[in-house]
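Observations on the three-dimensional arrangement
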Amino acid sequence: MNPSISLARDVEPAVVPVRPERFLAEEIKERSGEEVHRCYHCQSCANGCPFVQAMDYTPNAVLRLVQYGMRQEALGCRSIWICVGCHSCSSQCPMAIDLAAIMGALRYLALEEGVPAAEPYILGFHREVVRSIERYGRTHKLGIMLRYKVLTRRWFSDMDVGLKLLAKRKLDFKASRIEAIGEITPFFKPFWEAGK
Amino acid sequence: MNQAAAQDFSYFPGCSMASTAAESNLSMMKACKILGLNLIELEDWNCCGSSSAECLDKNLSLALAARNLSLARPDRPLVVMCPRCLHKLRYTQLLLKNEPKTRRRLEYRWGRAIPPNLEIVHFMEVLVRNGFPDLRAGKVRSLKGLKFAPYYGCTLFRPPILSRRKYYQGEMENILTTLGAQALVGAYTNRCCGSFLSATNPEIVSPLVNEIVGSAVAVGAHCLVTACAMCQLNLEIRCTAEPKIPIFHFSEILALALGATDYEDWFARHLVDPRPLLQELALVA
(Lines give C-alpha, C1' and ligand atoms only; values in the text may rest on other atoms or scores of the structure.)
Protein backbone atom coordinates (compact mmCIF):
# COMPACT_ATOMS: atom_id res chain seq x y z
CA MET A 1 0.00 0.00 0.00
CA ASN A 2 1.10 3.49 -0.72
CA PRO A 3 2.56 4.94 2.55
CA SER A 4 1.27 8.42 1.80
CA ILE A 5 -2.27 7.08 1.93
CA SER A 6 -1.85 5.39 5.36
CA LEU A 7 -0.45 8.64 6.76
CA ALA A 8 -3.59 10.42 5.72
CA ARG A 9 -5.34 8.99 8.82
CA ASP A 10 -3.30 11.10 11.25
CA VAL A 11 -3.05 14.35 9.35
CA GLU A 12 -5.55 16.73 7.89
CA PRO A 13 -6.96 15.04 4.79
CA ALA A 14 -5.01 16.72 2.02
CA VAL A 15 -5.09 16.00 -1.66
CA VAL A 16 -4.40 12.32 -2.05
CA PRO A 17 -2.61 11.63 -5.27
CA VAL A 18 -4.40 9.03 -7.28
CA ARG A 19 -2.50 6.90 -9.71
CA PRO A 20 -3.43 8.03 -13.23
CA GLU A 21 -3.94 4.39 -14.22
CA ARG A 22 -7.40 4.48 -12.75
CA PHE A 23 -8.50 7.05 -15.25
CA LEU A 24 -7.18 5.53 -18.43
CA ALA A 25 -10.56 4.22 -19.61
CA GLU A 26 -12.18 7.55 -18.80
CA GLU A 27 -9.49 9.49 -20.61
CA ILE A 28 -9.87 7.30 -23.65
CA LYS A 29 -13.60 7.82 -23.55
CA GLU A 30 -13.14 11.58 -23.42
CA ARG A 31 -10.79 11.58 -26.36
CA SER A 32 -12.41 9.01 -28.59
CA GLY A 33 -16.01 9.04 -27.45
CA GLU A 34 -15.84 5.27 -27.08
CA GLU A 35 -16.78 3.29 -23.99
CA VAL A 36 -14.16 0.55 -23.63
CA HIS A 37 -16.14 -1.21 -20.93
CA ARG A 38 -18.71 -2.26 -23.49
CA CYS A 39 -16.21 -4.76 -24.90
CA TYR A 40 -16.80 -8.33 -23.78
CA HIS A 41 -13.92 -9.84 -25.76
CA CYS A 42 -15.72 -11.84 -28.41
CA GLN A 43 -12.56 -11.28 -30.51
CA SER A 44 -14.36 -10.43 -33.72
CA CYS A 45 -11.91 -7.56 -34.12
CA ALA A 46 -8.92 -9.81 -33.56
CA ASN A 47 -10.18 -12.28 -36.14
CA GLY A 48 -10.90 -9.62 -38.70
CA CYS A 49 -7.83 -7.40 -38.36
CA PRO A 50 -5.59 -7.86 -41.42
CA PHE A 51 -2.52 -6.79 -39.44
CA VAL A 52 -3.03 -8.78 -36.28
CA GLN A 53 0.01 -10.97 -36.94
CA ALA A 54 2.29 -7.98 -36.69
CA MET A 55 0.75 -6.82 -33.42
CA ASP A 56 1.87 -7.68 -29.91
CA TYR A 57 -1.66 -7.36 -28.52
CA THR A 58 -4.78 -8.16 -30.52
CA PRO A 59 -7.17 -5.18 -30.80
CA ASN A 60 -9.45 -6.51 -28.07
CA ALA A 61 -6.41 -7.17 -25.86
CA VAL A 62 -5.47 -3.51 -26.22
CA LEU A 63 -8.96 -2.68 -25.00
CA ARG A 64 -8.41 -5.09 -22.11
CA LEU A 65 -5.26 -3.20 -21.11
CA VAL A 66 -7.31 -0.02 -21.08
CA GLN A 67 -10.10 -1.64 -19.10
CA TYR A 68 -7.58 -2.77 -16.49
CA GLY A 69 -5.90 0.63 -16.52
CA MET A 70 -2.55 -0.84 -17.55
CA ARG A 71 -1.26 2.45 -18.78
CA GLN A 72 2.35 1.68 -19.58
CA GLU A 73 1.47 -1.49 -21.43
CA ALA A 74 -1.32 0.16 -23.42
CA LEU A 75 0.66 3.25 -24.39
CA GLY A 76 3.84 1.33 -25.04
CA CYS A 77 2.48 -1.47 -27.22
CA ARG A 78 3.23 -2.02 -30.89
CA SER A 79 -0.38 -2.54 -31.89
CA ILE A 80 -1.35 1.13 -31.63
CA TRP A 81 1.33 2.00 -34.21
CA ILE A 82 0.68 -0.96 -36.52
CA CYS A 83 -3.02 -0.04 -36.77
CA VAL A 84 -3.61 1.89 -40.01
CA GLY A 85 -7.24 2.69 -39.19
CA CYS A 86 -8.86 0.53 -41.89
CA HIS A 87 -11.82 0.01 -39.55
CA SER A 88 -12.21 -3.71 -40.23
CA CYS A 89 -12.49 -4.12 -36.48
CA SER A 90 -14.92 -1.26 -36.00
CA SER A 91 -17.25 -2.57 -38.69
CA GLN A 92 -17.23 -6.09 -37.25
CA CYS A 93 -17.66 -5.20 -33.58
CA PRO A 94 -21.06 -6.43 -32.33
CA MET A 95 -20.99 -3.71 -29.68
CA ALA A 96 -20.26 -1.06 -32.33
CA ILE A 97 -17.10 0.10 -30.63
CA ASP A 98 -14.91 2.21 -32.91
CA LEU A 99 -11.64 0.49 -32.10
CA ALA A 100 -9.64 2.52 -34.59
CA ALA A 101 -10.66 5.70 -32.75
CA ILE A 102 -9.41 4.14 -29.50
CA MET A 103 -6.09 3.25 -31.13
CA GLY A 104 -5.85 6.86 -32.28
CA ALA A 105 -6.58 8.19 -28.80
CA LEU A 106 -3.89 5.91 -27.36
CA ARG A 107 -1.37 7.18 -29.92
CA TYR A 108 -2.11 10.79 -29.02
CA LEU A 109 -1.79 9.99 -25.32
CA ALA A 110 1.48 8.12 -25.84
CA LEU A 111 2.93 11.08 -27.75
CA GLU A 112 1.75 13.59 -25.18
CA GLU A 113 3.23 11.65 -22.29
CA GLY A 114 6.46 10.95 -24.11
CA VAL A 115 6.10 7.18 -23.99
CA PRO A 116 8.68 5.82 -26.45
CA ALA A 117 6.93 4.43 -29.52
CA ALA A 118 7.26 0.67 -29.76
CA GLU A 119 7.47 1.11 -33.54
CA PRO A 120 9.95 3.99 -33.84
CA TYR A 121 10.28 3.64 -37.61
CA ILE A 122 6.56 3.98 -38.17
CA LEU A 123 6.51 7.08 -35.98
CA GLY A 124 9.58 8.31 -37.86
CA PHE A 125 7.80 7.82 -41.16
CA HIS A 126 4.80 9.82 -40.00
CA ARG A 127 7.12 12.58 -38.84
CA GLU A 128 8.79 12.73 -42.25
CA VAL A 129 5.38 13.02 -43.92
CA VAL A 130 4.41 15.82 -41.56
CA ARG A 131 7.75 17.54 -42.22
CA SER A 132 7.12 17.33 -45.94
CA ILE A 133 3.67 18.90 -45.57
CA GLU A 134 5.16 21.63 -43.40
CA ARG A 135 7.71 22.43 -46.07
CA TYR A 136 5.60 22.24 -49.19
CA GLY A 137 1.98 22.13 -48.08
CA ARG A 138 1.73 18.81 -49.87
CA THR A 139 3.54 15.51 -49.55
CA HIS A 140 6.65 15.02 -51.65
CA LYS A 141 6.98 11.26 -51.81
CA LEU A 142 10.53 10.96 -53.09
CA GLY A 143 11.75 13.31 -50.36
CA ILE A 144 9.86 11.37 -47.71
CA MET A 145 11.26 8.04 -48.87
CA LEU A 146 14.83 9.35 -48.97
CA ARG A 147 14.61 10.87 -45.51
CA TYR A 148 13.02 7.69 -44.24
CA LYS A 149 16.03 5.78 -45.61
CA VAL A 150 18.37 8.09 -43.72
CA LEU A 151 16.36 7.45 -40.56
CA THR A 152 16.31 3.66 -40.79
CA ARG A 153 19.73 3.29 -42.41
CA ARG A 154 18.33 0.42 -44.42
CA TRP A 155 19.73 1.84 -47.62
CA PHE A 156 19.21 -1.07 -49.92
CA SER A 157 15.95 -2.52 -48.68
CA ASP A 158 13.16 -1.99 -51.14
CA MET A 159 15.58 -0.53 -53.67
CA ASP A 160 14.00 -2.49 -56.53
CA VAL A 161 10.58 -0.98 -55.91
CA GLY A 162 12.02 2.52 -55.63
CA LEU A 163 13.90 2.16 -58.92
CA LYS A 164 10.82 0.81 -60.66
CA LEU A 165 8.78 3.75 -59.46
CA LEU A 166 11.46 6.16 -60.67
CA ALA A 167 11.63 4.41 -64.03
CA LYS A 168 7.88 4.72 -64.39
CA ARG A 169 8.10 8.42 -63.51
CA LYS A 170 5.84 7.86 -60.54
CA LEU A 171 8.10 9.76 -58.16
CA ASP A 172 8.47 13.41 -58.99
CA PHE A 173 11.90 14.91 -58.34
CA LYS A 174 10.49 18.34 -57.81
CA ALA A 175 8.06 18.90 -54.98
CA SER A 176 4.83 20.71 -55.67
CA ARG A 177 4.66 23.65 -53.29
CA ILE A 178 1.64 25.71 -52.38
CA GLU A 179 1.71 29.50 -52.64
CA ALA A 180 0.22 30.47 -49.30
CA ILE A 181 2.38 28.16 -47.20
CA GLY A 182 2.21 30.79 -44.43
CA GLU A 183 -1.41 29.91 -43.87
CA ILE A 184 -0.52 26.50 -42.54
CA THR A 185 2.97 26.79 -41.03
CA PRO A 186 1.75 28.22 -37.69
CA PHE A 187 -0.11 24.98 -37.02
CA PHE A 188 3.10 22.96 -37.07
CA LYS A 189 4.90 24.90 -34.37
CA PRO A 190 2.92 23.59 -31.39
CA PHE A 191 3.34 20.11 -32.79
CA TRP A 192 7.15 20.16 -32.81
CA GLU A 193 7.30 22.14 -29.58
CA ALA A 194 5.30 19.46 -27.82
CA GLY A 195 8.16 17.14 -28.71
CA LYS A 196 6.01 14.82 -30.75
CA MET B 1 -28.11 18.55 -62.60
CA ASN B 2 -29.41 19.09 -66.11
CA GLN B 3 -28.79 22.79 -66.33
CA ALA B 4 -25.48 23.82 -67.78
CA ALA B 5 -24.54 25.78 -64.65
CA ALA B 6 -24.92 22.71 -62.48
CA GLN B 7 -22.09 21.00 -64.31
CA ASP B 8 -19.40 23.13 -62.70
CA PHE B 9 -17.66 21.46 -59.79
CA SER B 10 -14.79 22.34 -57.51
CA TYR B 11 -12.22 19.60 -57.52
CA PHE B 12 -9.79 18.49 -54.83
CA PRO B 13 -7.12 16.18 -56.31
CA GLY B 14 -5.03 15.38 -53.22
CA CYS B 15 -1.34 14.49 -53.12
CA SER B 16 -1.57 11.01 -54.67
CA MET B 17 -3.66 12.00 -57.65
CA ALA B 18 -1.36 14.94 -58.26
CA SER B 19 1.86 12.93 -58.21
CA THR B 20 2.25 9.14 -58.06
CA ALA B 21 -1.19 8.53 -59.53
CA ALA B 22 -1.09 11.21 -62.21
CA GLU B 23 -2.52 8.69 -64.68
CA SER B 24 -5.66 8.36 -62.55
CA ASN B 25 -6.02 12.11 -62.54
CA LEU B 26 -5.44 12.50 -66.27
CA SER B 27 -7.93 9.78 -67.13
CA MET B 28 -10.54 11.19 -64.79
CA MET B 29 -10.15 14.64 -66.30
CA LYS B 30 -10.51 13.10 -69.73
CA ALA B 31 -13.69 11.24 -68.75
CA CYS B 32 -15.13 14.43 -67.30
CA LYS B 33 -14.35 16.37 -70.44
CA ILE B 34 -16.17 13.80 -72.55
CA LEU B 35 -19.15 13.80 -70.19
CA GLY B 36 -19.30 17.59 -70.04
CA LEU B 37 -18.43 17.85 -66.35
CA ASN B 38 -16.31 20.88 -65.66
CA LEU B 39 -13.94 20.16 -62.77
CA ILE B 40 -12.25 23.30 -61.49
CA GLU B 41 -9.25 22.53 -59.31
CA LEU B 42 -9.28 24.26 -55.93
CA GLU B 43 -6.74 27.00 -56.17
CA ASP B 44 -3.66 26.39 -54.03
CA TRP B 45 -5.08 23.35 -52.24
CA ASN B 46 -2.90 21.65 -49.63
CA CYS B 47 -2.57 18.10 -48.30
CA CYS B 48 -5.79 17.06 -46.58
CA GLY B 49 -3.82 15.98 -43.51
CA SER B 50 -5.08 12.46 -43.49
CA SER B 51 -2.99 9.47 -42.47
CA SER B 52 0.30 10.65 -40.99
CA ALA B 53 -0.78 14.10 -39.77
CA GLU B 54 -3.91 12.54 -38.32
CA CYS B 55 -1.84 9.89 -36.55
CA LEU B 56 0.26 12.48 -34.78
CA ASP B 57 -1.73 15.62 -34.15
CA LYS B 58 -5.44 16.24 -34.18
CA ASN B 59 -5.35 20.03 -34.39
CA LEU B 60 -2.82 20.05 -37.17
CA SER B 61 -4.75 17.61 -39.33
CA LEU B 62 -7.98 19.48 -38.65
CA ALA B 63 -6.44 22.76 -39.78
CA LEU B 64 -5.00 21.21 -42.93
CA ALA B 65 -8.37 19.84 -44.01
CA ALA B 66 -10.26 22.96 -42.96
CA ARG B 67 -8.08 25.22 -45.09
CA ASN B 68 -9.14 23.29 -48.18
CA LEU B 69 -12.78 23.73 -47.24
CA SER B 70 -12.19 27.47 -46.87
CA LEU B 71 -10.93 27.59 -50.46
CA ALA B 72 -14.11 26.12 -51.89
CA ARG B 73 -16.98 28.13 -53.32
CA PRO B 74 -20.17 27.36 -51.42
CA ASP B 75 -22.32 27.21 -54.53
CA ARG B 76 -20.39 24.42 -56.23
CA PRO B 77 -20.17 20.84 -55.05
CA LEU B 78 -16.63 19.80 -54.17
CA VAL B 79 -15.64 16.63 -56.03
CA VAL B 80 -13.02 14.36 -54.51
CA MET B 81 -11.67 11.17 -56.02
CA CYS B 82 -9.31 9.95 -53.28
CA PRO B 83 -11.37 8.10 -50.65
CA ARG B 84 -9.04 9.12 -47.85
CA CYS B 85 -9.22 12.81 -48.72
CA LEU B 86 -12.99 12.53 -49.11
CA HIS B 87 -13.34 10.98 -45.70
CA LYS B 88 -11.04 13.52 -44.11
CA LEU B 89 -12.80 16.53 -45.63
CA ARG B 90 -16.25 15.23 -44.72
CA TYR B 91 -15.17 14.34 -41.23
CA THR B 92 -13.70 17.80 -40.75
CA GLN B 93 -16.89 19.42 -41.99
CA LEU B 94 -18.90 17.43 -39.44
CA LEU B 95 -16.46 18.31 -36.69
CA LEU B 96 -16.58 22.04 -37.45
CA LYS B 97 -20.36 21.93 -37.32
CA ASN B 98 -20.11 20.75 -33.75
CA GLU B 99 -17.29 23.13 -32.84
CA PRO B 100 -18.33 26.60 -33.98
CA LYS B 101 -15.56 28.22 -31.94
CA THR B 102 -12.86 26.34 -33.76
CA ARG B 103 -14.50 27.21 -37.05
CA ARG B 104 -14.59 30.92 -36.24
CA ARG B 105 -11.00 30.90 -35.06
CA LEU B 106 -9.86 29.38 -38.34
CA GLU B 107 -12.05 31.66 -40.44
CA TYR B 108 -10.62 34.68 -38.69
CA ARG B 109 -7.06 33.51 -39.19
CA TRP B 110 -7.46 32.97 -42.92
CA GLY B 111 -9.91 35.77 -43.54
CA ARG B 112 -12.18 33.40 -45.45
CA ALA B 113 -15.43 31.72 -44.60
CA ILE B 114 -15.59 27.95 -44.34
CA PRO B 115 -18.86 27.17 -46.13
CA PRO B 116 -20.81 25.11 -43.58
CA ASN B 117 -23.06 23.31 -46.01
CA LEU B 118 -20.61 22.70 -48.80
CA GLU B 119 -21.55 19.56 -50.63
CA ILE B 120 -18.59 17.16 -50.74
CA VAL B 121 -19.11 14.34 -53.22
CA HIS B 122 -17.14 11.45 -54.56
CA PHE B 123 -16.57 11.37 -58.30
CA MET B 124 -18.58 8.17 -58.66
CA GLU B 125 -21.50 9.85 -56.98
CA VAL B 126 -21.49 12.55 -59.64
CA LEU B 127 -21.71 9.90 -62.34
CA VAL B 128 -24.48 7.97 -60.65
CA ARG B 129 -26.48 11.11 -60.00
CA ASN B 130 -26.08 12.27 -63.55
CA GLY B 131 -27.62 9.02 -64.62
CA PHE B 132 -26.49 6.25 -66.86
CA PRO B 133 -28.11 7.47 -70.12
CA ASP B 134 -25.23 9.95 -70.35
CA LEU B 135 -22.73 7.17 -69.98
CA ARG B 136 -24.44 5.01 -72.56
CA ALA B 137 -24.56 7.92 -74.96
CA GLY B 138 -20.88 8.64 -74.42
CA LYS B 139 -19.78 5.05 -74.79
CA VAL B 140 -17.38 4.55 -77.65
CA ARG B 141 -15.66 1.30 -76.82
CA SER B 142 -17.69 -1.49 -75.32
CA LEU B 143 -15.97 -3.15 -72.40
CA LYS B 144 -17.60 -6.43 -73.40
CA GLY B 145 -15.45 -9.36 -72.44
CA LEU B 146 -13.62 -7.53 -69.63
CA LYS B 147 -14.08 -9.40 -66.39
CA PHE B 148 -13.05 -7.30 -63.43
CA ALA B 149 -12.98 -7.66 -59.69
CA PRO B 150 -14.08 -4.41 -58.04
CA TYR B 151 -11.86 -3.25 -55.19
CA TYR B 152 -12.98 -0.34 -53.04
CA GLY B 153 -10.37 -0.49 -50.33
CA CYS B 154 -11.27 0.25 -46.77
CA THR B 155 -12.08 3.93 -46.65
CA LEU B 156 -15.04 4.45 -48.98
CA PHE B 157 -17.65 3.05 -46.67
CA ARG B 158 -16.05 1.79 -43.50
CA PRO B 159 -15.44 4.73 -41.17
CA PRO B 160 -18.10 4.43 -38.45
CA ILE B 161 -18.27 8.18 -37.97
CA LEU B 162 -19.64 8.47 -41.49
CA SER B 163 -21.59 5.23 -41.45
CA ARG B 164 -24.96 6.90 -41.52
CA ARG B 165 -24.01 8.79 -44.61
CA LYS B 166 -23.58 7.79 -48.22
CA TYR B 167 -22.67 4.29 -49.14
CA TYR B 168 -20.69 3.51 -52.24
CA GLN B 169 -20.63 -0.23 -52.48
CA GLY B 170 -21.88 -1.43 -55.85
CA GLU B 171 -21.54 1.86 -57.70
CA MET B 172 -18.34 0.92 -59.49
CA GLU B 173 -20.03 -2.28 -60.70
CA ASN B 174 -23.13 -0.35 -61.79
CA ILE B 175 -21.12 2.11 -63.81
CA LEU B 176 -18.75 -0.33 -65.46
CA THR B 177 -21.39 -2.96 -66.26
CA THR B 178 -23.40 -0.21 -67.93
CA LEU B 179 -20.37 0.20 -70.15
CA GLY B 180 -20.31 -3.50 -70.99
CA ALA B 181 -17.82 -4.97 -68.52
CA GLN B 182 -18.60 -7.94 -66.33
CA ALA B 183 -18.19 -7.58 -62.57
CA LEU B 184 -17.17 -10.67 -60.66
CA VAL B 185 -18.12 -11.33 -57.09
CA GLY B 186 -16.19 -13.33 -54.53
CA ALA B 187 -12.90 -11.47 -54.47
CA TYR B 188 -11.88 -9.22 -51.58
CA THR B 189 -13.46 -5.87 -52.27
CA ASN B 190 -12.76 -3.90 -49.13
CA ARG B 191 -9.83 -5.55 -47.41
CA CYS B 192 -7.20 -2.99 -46.46
CA CYS B 193 -4.28 -2.65 -48.91
CA GLY B 194 -1.83 -1.85 -46.11
CA SER B 195 -1.83 1.94 -46.32
CA PHE B 196 1.40 3.43 -44.94
CA LEU B 197 2.67 0.03 -43.78
CA SER B 198 3.49 -0.57 -47.43
CA ALA B 199 6.27 1.98 -47.03
CA THR B 200 7.45 1.05 -43.54
CA ASN B 201 6.76 -2.68 -43.29
CA PRO B 202 6.47 -4.26 -46.75
CA GLU B 203 6.96 -7.70 -45.21
CA ILE B 204 3.59 -7.34 -43.47
CA VAL B 205 1.82 -5.94 -46.50
CA SER B 206 2.98 -8.32 -49.24
CA PRO B 207 1.14 -11.42 -47.97
CA LEU B 208 -2.06 -9.37 -47.61
CA VAL B 209 -1.77 -7.89 -51.07
CA ASN B 210 -1.08 -11.38 -52.45
CA GLU B 211 -4.32 -12.55 -50.85
CA ILE B 212 -6.30 -9.71 -52.38
CA VAL B 213 -4.86 -10.14 -55.87
CA GLY B 214 -5.03 -13.93 -55.49
CA SER B 215 -8.72 -13.76 -54.63
CA ALA B 216 -9.38 -11.86 -57.85
CA VAL B 217 -7.36 -14.39 -59.87
CA ALA B 218 -9.27 -17.22 -58.21
CA VAL B 219 -12.66 -15.94 -59.35
CA GLY B 220 -11.34 -15.58 -62.90
CA ALA B 221 -10.88 -11.82 -63.10
CA HIS B 222 -8.73 -10.31 -65.84
CA CYS B 223 -7.93 -7.35 -63.66
CA LEU B 224 -8.73 -5.49 -60.47
CA VAL B 225 -10.38 -2.08 -60.65
CA THR B 226 -9.78 0.11 -57.62
CA ALA B 227 -11.49 3.24 -56.40
CA CYS B 228 -8.38 4.50 -54.62
CA ALA B 229 -5.09 5.64 -56.10
CA MET B 230 -3.06 4.55 -53.08
CA CYS B 231 -4.62 1.08 -53.14
CA GLN B 232 -3.78 0.88 -56.83
CA LEU B 233 -0.13 1.62 -56.10
CA ASN B 234 0.11 -0.70 -53.11
CA LEU B 235 -1.50 -3.61 -54.97
CA GLU B 236 0.95 -3.12 -57.82
CA ILE B 237 4.19 -2.69 -55.91
CA ARG B 238 3.59 -5.17 -53.09
CA CYS B 239 2.26 -8.14 -55.04
CA THR B 240 4.93 -10.85 -55.00
CA ALA B 241 2.74 -13.76 -56.09
CA GLU B 242 2.16 -15.01 -59.61
CA PRO B 243 0.22 -14.56 -61.79
CA LYS B 244 0.11 -10.79 -61.52
CA ILE B 245 -2.92 -9.18 -63.09
CA PRO B 246 -3.26 -5.53 -64.08
CA ILE B 247 -4.61 -3.16 -61.46
CA PHE B 248 -6.60 -0.28 -62.90
CA HIS B 249 -7.82 2.85 -61.30
CA PHE B 250 -11.55 3.16 -61.92
CA SER B 251 -11.19 6.34 -63.96
CA GLU B 252 -8.82 4.72 -66.47
CA ILE B 253 -11.34 2.07 -67.47
CA LEU B 254 -14.11 4.66 -67.52
CA ALA B 255 -12.18 7.03 -69.79
CA LEU B 256 -11.16 4.16 -72.04
CA ALA B 257 -14.79 3.14 -72.54
CA LEU B 258 -15.74 6.74 -73.23
CA GLY B 259 -13.30 6.84 -76.10
CA ALA B 260 -10.16 8.48 -74.69
CA THR B 261 -7.19 8.17 -77.01
CA ASP B 262 -4.31 9.32 -74.82
CA TYR B 263 -4.28 6.15 -72.76
CA GLU B 264 -0.72 5.27 -73.79
CA ASP B 265 0.60 7.81 -71.26
CA TRP B 266 -1.40 6.30 -68.44
CA PHE B 267 -0.69 2.65 -69.09
CA ALA B 268 3.03 3.25 -69.53
CA ARG B 269 3.12 4.23 -65.85
CA HIS B 270 1.76 0.91 -64.62
CA LEU B 271 4.10 -1.56 -62.99
CA VAL B 272 2.04 -4.46 -64.31
CA ASP B 273 1.59 -3.64 -67.99
CA PRO B 274 -2.13 -3.76 -68.81
CA ARG B 275 -1.68 -3.32 -72.55
CA PRO B 276 -1.45 -7.02 -73.51
CA LEU B 277 -4.79 -7.66 -71.79
CA LEU B 278 -6.47 -4.67 -73.42
CA GLN B 279 -5.04 -5.56 -76.82
CA GLU B 280 -6.37 -9.07 -76.46
CA LEU B 281 -9.83 -7.66 -75.80
CA ALA B 282 -9.36 -5.25 -78.71
CA LEU B 283 -9.87 -2.28 -76.41
CA VAL B 284 -6.64 -0.59 -77.45
CA ALA B 285 -4.67 -0.74 -80.66
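Basis of the calculations
Residues numbered from 1 in each chain as written. Chains lettered and ligands numbered in written order. Predicted model: local features only at pLDDT ≥ 70, side-chain atom pairs only at ≥ 80, totals over all residues. Helix = DSSP H or I, 4+ residues; strand = E, 2+ residues; numbered from the N terminus. Rg over C-alpha atoms; globule rule 2.2 N^0.38 Å. Buried ≥ 20, exposed ≤ 12 C-beta atoms within 10 Å, placed from the backbone. Contact = placed C-beta atoms within 7 Å. Pairing = 2+ DSSP bridges. Axes fitted to C-alpha atoms, helices over the stretch in contact; angles between N-to-C directions. Domains from an automatic or database assignment. Nonpolar A, V, L, I, M, F, W, Y, C, P; charged D, E, K, R; others polar. Right-handed = clockwise from strand over helix to strand, strands pointing away. Arc of directions from axis to C-beta. pLDDT = per-residue confidence, 0-100. Parallel < 35°, antiparallel > 145°, perpendicular 65-115°, else oblique. Left-handed = near helix turned anticlockwise from the far one by under 90°. Expected span 1.5 Å × (residues − 1).

Turning to the overall build of chain B, a few remarks are in order. Summing up its helical and strand segments, chain B has 15 helices and 8 strands in all. Relative to its length of 285 residues, chain B is compact, with a C-alpha radius of gyration of 19 Å against a globular reference of 19 Å. Considered along the principal axes of its C-alpha atoms, chain B spans approximately 60 × 50 × 35 Å. In chain B, which comprises 285 residues, the share counted as buried stands at 52%. In chain B, of all internal contacts separated by at least 6 residues, the share reaching a separation of at least 24 is 77%.

Along the backbone of chain A there are 12 helices and 0 strands. When the helices and strands of chain A are listed from N to C terminus, the series reads α-α-α-α-α-α-α-α-α-α-α-α. Here chain A, with 196 residues, has 36% of them falling under the buried criterion. Counted over contacts in chain A with a minimum sequence separation of 6, partners at least 24 positions apart contribute 62%.

Residue and element names in this part refer to chain B. Spatially, S2-S1-S3-S4 is the arrangement adopted by the 4 strands of the open sheet, whose pairing is parallel. The sheet is open, and its two edges are formed by strand S2 (38-41) and strand S4 (120-122), each paired on a single side. In this sheet, adjacent strand axes meet at a mean angle of 40° when their direction is disregarded. With 3 bridges connecting them, strand S3 (residues 78-80) and S4 associate as parallel partners. Looking at S4, one finds that valine 79 is bridged to valine 121.

The assigned domain composition of chain A is domain 1 (18-112) and domain 2 (120-193). On a C-alpha basis, the centroid separation for the pair domain 1 of chain A and domain 2 of chain A is 28 Å.

Residues and elements named next belong to chain B. Taken domain by domain, chain B comprises domain 1 (4-123) and domain 2 (140-280). Facing 21 residues of domain 1, the contacting portion of domain 2 comprises 27 residues. When residues of the side of domain 1 that touches domain 2 are traced back to their parent elements, those giving at least two are helix H1 (15-18), helix H2 (22-35) and helix H5 (83-98). Of the residues belonging to the side of domain 1 that touches domain 2, the class tally is 9 nonpolar, 8 polar and 4 charged.

What follows deals with the pairing of strand S7 (residues 223-226) of chain B. When a strand is regular, its side chains alternate between the sheet's two faces. All names here are of chain B. Across the two faces of S7 the burial is the same, with Cys223 and Val225 and Leu224 and Thr226 all buried. Sheet analysis places S7 next to strand S8 (residues 247-249), joined by 3 bridges and oriented parallel. Counterpart to leucine 224 in the pairing with S8 is isoleucine 247. Crossover handedness for the path S7 to helix H12 (residues 229-237) to S8: right-handed.

This paragraph deals with helix H9 (residues 171-178) of chain B. Residues and elements named next belong to chain B. Where H9 is concerned, the buried positions are Glu171, Met172, Ile175 and Leu176. Taken down its axis, H9 places every buried residue within 115° of arc, on the same side. Looking at the buried positions of H9, the neighbouring elements they touch are helix H7 (123-130), helix H8 (132-138), strand S5 (147-151), strand S6 (182-183), S7 and helix H13 (250-257). Backbone geometry just downstream of H9 places glycine 180 in the positive-phi region, at approximately 105°.

Attention shifts here to the interface of chain B and chain A. In this assembly, 37 residues from chain B lie in contact with 42 residues from chain A. Those elements that place two or more of their residues in the side of chain B that touches chain A are H1, helix H3 (52-56), helix H4 (58-71), helix H10 (197-200) and helix H11 (202-218) of chain B. Looking at the side of chain B that touches chain A element by element, the count peaks at 6 residues for H4(B).

Relative to the helices and strands, Ala268(B) is located in the loop between helix H14 (263-267) and helix H15 (275-280). For Ala268(B) and Glu23(B), which are 245 residues apart along the polypeptide, the C-alpha to C-alpha distance reads 9.2 Å.

Looking now at the environment of Ala72(B). All names here are of chain B. When you line up the elements, alanine 72 lands in the loop between H4 and S3. Its 23 C-beta neighbours within 10 Å are what place alanine 72 among the buried residues. Alanine 72 has contacts with Ser10, Leu42, Leu78, Pro115 and Leu118, leaving out every residue within four places of it along the chain.

Residues and elements named next belong to chain B. With respect to the secondary-structure elements, glutamate 252 resides in helix H13. The buried category is assigned to glutamate 252, around which 27 C-beta atoms lie within 10 Å. Along the chain, glutamate 252 and alanine 31 lie 221 residues apart, while their C-alpha atoms are 8.4 Å from each other. Residues contacting glutamate 252, with those up to four places away along its chain left out, are Glu23, Ser24, Ser27 and Trp266.

In this model, chain A carries an average pLDDT of 88, and 89% of its residues clear a pLDDT of 70 or more. Helix H1 (residues 3-7) of chain A is the least confidently modelled element of chain A, averaging 53 in pLDDT, while helix H6 (residues 79-82) of chain A averages 97, the highest of any element.

The axes of two packed helices give the description: the angle between them and the distance between them. Residues and elements named next belong to chain B. Following both chains from N to C, one finds H7 and H9 inclined at 55°, their axes separated by 10 Å at the closest point. Classified by the angle their axes make, H7 and H9 are oblique. At the point where H7 passes H9, the crossing takes the left-handed sense. Between H7, through Met124, Leu127 and Val128, and H9, the contact on the second element is made entirely by Glu171, Met172, Asn174 and Ile175.

The next subject is H4(B). Along an α-helix, a turn takes 3.6 residues, which lines up residues three or four apart on a common side. In a regular helix each residue adds 1.5 Å, so 14 residues correspond to 20 Å; H4(B) covers 21 Å between its end C-alpha atoms and thus fits that length. For H4(B), the tally of buried residues reaches 11 of 14 residues, placing the bulk of the element in the interior. Along H4(B), the residues classified as buried are Leu60(B), Ser61(B), Leu62(B), Ala63(B), Leu64(B), Ala65(B), Ala66(B), Arg67(B), Asn68(B), Leu69(B) and Leu71(B). Those residues of H4(B) hidden inside the fold are in contact with helix H9 (120-136) and helix H12 (189-193) of chain A together with strand S1 (8-12), H3, H5 and helix H6 (100-110) of chain B.

In this section: the packing of H2(B) against H13(B). Residues and elements named next belong to chain B. The N-to-C vectors of H2 and H13 enclose an angle of 40°; their axes lie 8 Å apart at closest approach. Considering the relative orientation of H2 and H13, their crossing is left-handed. Contacts from Glu23, Ser24, Ser27, Met28, Lys30 and Ala31 of H2 reach H13 at Ser251, Glu252, Leu254 and Ala255. For the contact of H2 with H13, a count of residues per class yields 4 nonpolar, 3 polar and 3 charged.

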